[in-house]
Each structure stands twice: as structure tokens, then as C-alpha cells.
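# Chains, contacts and geometry: an overview
Below are the chains, spelled out letter by letter.
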Amino acid sequence: RFTVQVTSLVTSFAFRVLQSVAVSSFLSQLMEVGFLAHWESLLSTHGDEIGMLEDFIVAIHDLNNLKFKLTLAQTFNDVPKVTGTRYKVLVELPVQQTLFRVLPSQLRSGKEISVCVVLFTQGVNEQQSLADAFGDSTLQDQINMRSLHQLTSYCTRYKEHLGSANAKTSKKSQQAFQLLEQLRAQMQLRKTKNLDILTLSQELCRTLDCGRITSCKSAKDRTGMSVTLEQGHILLQEMNMDPAGFQHALDAMRSQGTRIRNAEKNIGNAQYAFNVLQVFALPPLYRPPDGTYKKLQT
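The structure reproduced in this document is the subject of the present report. (Residues numbered from 1 in each chain as written. Predicted model: local features only at pLDDT ≥ 70, side-chain atom pairs only at ≥ 80, totals over all residues. Heavy atoms only, no water.)

A word on the overall build of the chain. When its secondary structure is counted, the chain shows 13 helices and 8 strands. Computed over C-alpha atoms, the radius of gyration of the chain comes to 20 Å, within 12% of the 19 Å expected from 2.2 N^0.38 for 298 residues, which places it in the range of a compact globule. The principal-axis extent of the C-alpha atoms belonging to the chain is close to 55 × 40 × 40 Å. Pairs at least 24 apart in sequence give 69% of the contacts found in the chain among residues at least 6 apart. Within the chain, one finds 32 positive and 26 negative side-chain charges whose respective centroids are separated by 5 Å. (Helix = DSSP H or I, 4+ residues; strand = E, 2+ residues; numbered from the N terminus. Rg over C-alpha atoms; globule rule 2.2 N^0.38 Å. Contact = heavy atoms within 4.5 Å. Lys, Arg positive; Asp, Glu negative; His and termini not counted. Charge placed at Lys NZ, Arg CZ, Asp CG, Glu CD.)

Contact geometry for helix H10 (residues 222–238) and helix H11 (residues 246–256): axes closest at 9 Å, N-to-C directions at 140 degrees. It follows from the interaxial angle that H10 and H11 lie oblique. When the axes of H10 and H11 are compared, the crossing they make is right-handed. Along the contact surface, H10 presents Met225, Thr228, Leu229, Gln231, Gly232, His233, Leu235 and Leu236, while H11 presents Phe246, Ala249, Leu250, Met253 and Arg254. In terms of residue class, the contact of H10 with H11 is made up of 8 nonpolar, 4 polar and 1 charged. (Axes fitted to C-alpha atoms, helices over the stretch in contact; angles between N-to-C directions. Parallel < 35°, antiparallel > 145°, perpendicular 65-115°, else oblique. Left-handed = near helix turned anticlockwise from the far one by under 90°. Nonpolar A, V, L, I, M, F, W, Y, C, P; charged D, E, K, R; others polar.)

Read from one edge of the open sheet, 6 strands run S3-S4-S2-S5-S1-S6, paired in mixed fashion. Of all strands in the sheet, those bounded by a partner on one side alone are strand S3 (81–85) and strand S6 (211–215). Averaged over neighbouring strand pairs, the angle between their axes works out to 25 degrees when direction is ignored. Where strand S1 (residues 35–41) lies against S6, 5 bridges are found, and the strand directions are parallel. Paired with Ser41 across the bridge in S6 is Ser215. (Pairing = 2+ DSSP bridges.)

It is worth spelling out the pairing of S1 at this point. Look at any regular strand and the pattern is simple: side chains alternate between the two faces of the sheet. Counting buried positions along S1 gives 7 out of 7 residues, so the element sits mostly inside the fold. On S1, burial covers both faces: Phe35, Ala37, Trp39 and Ser41 on one face and Leu36, His38 and Glu40 on the other are all buried. Where S1 and strand S5 (residues 113–121) come together, 7 bridges link them in parallel fashion. Paired with Glu40 across the bridge in S5 is Phe120. (Buried < 20%, exposed > 50% of the residue type's maximum accessible area, 1.4 Å probe, protein only.)

Counting 40 residues, the largest nonpolar core has Leu36, Phe120, Leu151, Leu183, Leu204, Leu208 and Tyr286 as its most contacted members. Listed by contribution, the elements that provide at least two residues to this core are S5, helix H7 (138–162), helix H8 (167–189), helix H9 (195–207), H10, H11 and helix H12 (258–267). Ignoring sequence-local partners within four residues, the contact set of Leu151 consists of Leu36, Val118, Phe120, Leu180, Leu183, Leu204 and Cys205. Membership of the second largest hydrophobic core comes to 37 residues, among which are Ala37, Phe56, Leu107 and Val117. (Core = buried A, V, L, I, M, F, W, Y, C linked by side-chain atoms within 4.5 Å.)

Here we take up the pattern of salt bridges. All chains considered together, the criterion is met by 11 salt bridges. Put simply, Glu238 and Arg206 hold a salt bridge, and the shortest N to O gap is 4.0 Å. Residue Glu238 is found in helix H10, and its partner Arg206 is found in helix H9; the two are separated by 32 residues along the sequence. Here Glu238 falls in the partly exposed class, since its relative accessible area comes to 48%. Salt bridges sharing common partners tie together Glu40, Arg206, Arg212, Glu230 and Glu238. (Salt bridge = Lys/Arg side-chain N within 4 Å of Asp/Glu carboxyl O.)

Further remarks concern the side chain of Thr169. Assignment of secondary structure puts Thr169 in helix H8. Residues contacting Thr169, with those up to four places away along its chain left out, are Ser25, Tyr158, Leu162 and Gly163.

The interhelical angle for the contact between helix H2 (residues 24–32) and H7, taken along N-to-C directions, is 120 degrees, at an axis separation of 10 Å. In terms of orientation, H2 and H7 fall into the oblique class. H7 is crossed by H2, and the crossing has right-handed handedness. For the pair formed by H2 and H7, the contact residues are Ser25, Ser28, Gln29 and Glu32 on the first element and Tyr154, Tyr158, His161 and Leu162 on the second.

Below, the discussion takes up unusual backbone geometry. A negative phi angle characterises most non-glycine residues, just as the trans form characterises most peptide bonds. The backbone phi angle of Arg190 is positive, close to 60 degrees, even though this residue is not glycine. Notably, Asp209 is not glycine yet its phi reads approximately 60 degrees, a positive angle. Turning to its location among the elements, Asp209 is positioned in the loop between H9 and S6.

Time to look at H10. The periodicity of an α-helix, 3.6 residues per turn, causes residues three or four places apart in sequence to face the same way. For H10, with 17 residues, the first-to-last C-alpha span of 24 Å sits near the 24 Å given by 1.5 Å per residue. Those residues of H10 lying buried are Arg222, Thr223, Gly224, Met225, Ser226, Val227, Thr228, Leu229, Glu230, Gly232 and His233. Taken from the residues just after H10, Asn240 is the one with a positive phi, measuring 55 degrees. (Expected span 1.5 Å × (residues − 1).)

Rendered as C-alpha cells:
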């Protein structure tokens, strides 16, 4: 599982660098504070998924030992190079010359970039309903609290190094601390299936230009619902979408967008693998539109 997480992290980092290579504040953030990666888990704390979640914790913990180095690509076909051991991984990411030459001199000279990987988890399915009613969700709470501490440390370092650099980074820092307090308050409520923990941590990390990764057991059904929900929130917050169209947008993305195509590539059927009872157990905002799901083997 660790190699899968490394691949996801490298992909996320490469995309973010390509997207923001001309943004000086982002490059300063990489050098001074490190790359922030937000992992979201929808695994439950009941049955077989507990073991998966425990494996996940170890992999995410070890990812924090990884560092990136940007190198000058020699050809257009160069791929990232991974060296070291699980406990000290170095990923050299080749960058084409047109982009490499705009990097700060420290990065061109091989300065390594640290990472801060946080994991926030919230079970949302029928198995989590059983865990909340008859089992134990302590593991979920412990994971989230640990990530809250990591995120608090990252926000503090961001404020120290970039909080007063310019008006934009100052505003980001203020927004991050406001969201941090809201997140802390939600975690203290100890609510079952508290989706605000996921949405607030997502928004906080996006504010700080993070890499975002979401997963569940198969990375297609619950993940599809969560990814489209986050996209809906982005439409509301950043694109000024009319709130009256929120549910319509969710239904459209879930029935016509890439997530149902992902399900089709996975199992050969363009439907989500939920039965009626499973859909009923999901929080309302995580339920797929009628006609897009049925009981399937995954």
C-alpha cells in the first residue's frame, strides 16, 4: 500500500507544481514550509475496513519522511526517480527547461522539499452506522486528532514564514487559522458521521495550496460521492454558483461526469455499487441519483 500512496503523492505534487510554477509565494512555501498533502479516507471502523485503515495510518505516517527534488529534464519522456528506503525516500521530479529556468535558484540547485501529509477519516456507510451504534470509533478520532496537531503546526510555520510576505499570503494565513478553529470545534462535538470534519479540513488545506487525495475501499463509489461533493462546494465558494442549483450540480456530476466512467472502467458497468439499504445509510449529500446504482460485485 505504501507504494500506491507514494505514487498518489508524486502525482499530486507534480500537478500542483505545474499549476503554480509561476507563483512565487507557492515556491517560497515549498522551500520554507514544505508541500501540504491532504488525504481523505472514507473507510469505516467496523469489520475488514479497520485493518485497511490501520495499514493506511502506517503508510501516511511514513510518507512524511519523503522529500522531493526538482531536476532539469533531459528528454520529454523523463519520469520521476525514487531512491532511498521507506523511512527516507527521495523523489527527483524532472522539470522541462522552460519551467525549470523560472524556479528560484535554491530549487534549481537541488534544495529538497519536505512534505506534510495529513489524514482525515470519516466512515459514511452502513458499516460505520454499526460501529457508531454498537462498536468503537476511537481509532477514527485518534487519526483525526493527530492530523489536527500536524495541521496546526503547518499553519503556524506558514504564518511565521509567509504570513506577512504580502497581502495574499496574509489573507490565506488568516483564513487557515479561522478554519482551523472551526475544525477543532467540530472535532470536539464527537458527532457520528460528522462530514464537517472532512469539508473543513479540505477547505483549509485547499486554502494553503495543498494536494488533495480521496479514497475509500475501492476508490470509486464512496469516493465518487465525496469527490463530486467537494467539487460542488468549490462551485459554491469559488465560482459563485447559485446555491439553488447545488443538488442539481451534484446529480449531474454523479450521473454524467468522470466518476461514473471510473466505476465503468473498474467493473465494466456504468453504475455505482450500492444497494438500496446502503444508499439509505449514507448521509443525504453522499447519495447517488436514482438510476445510477445497483447491487454489484466489486
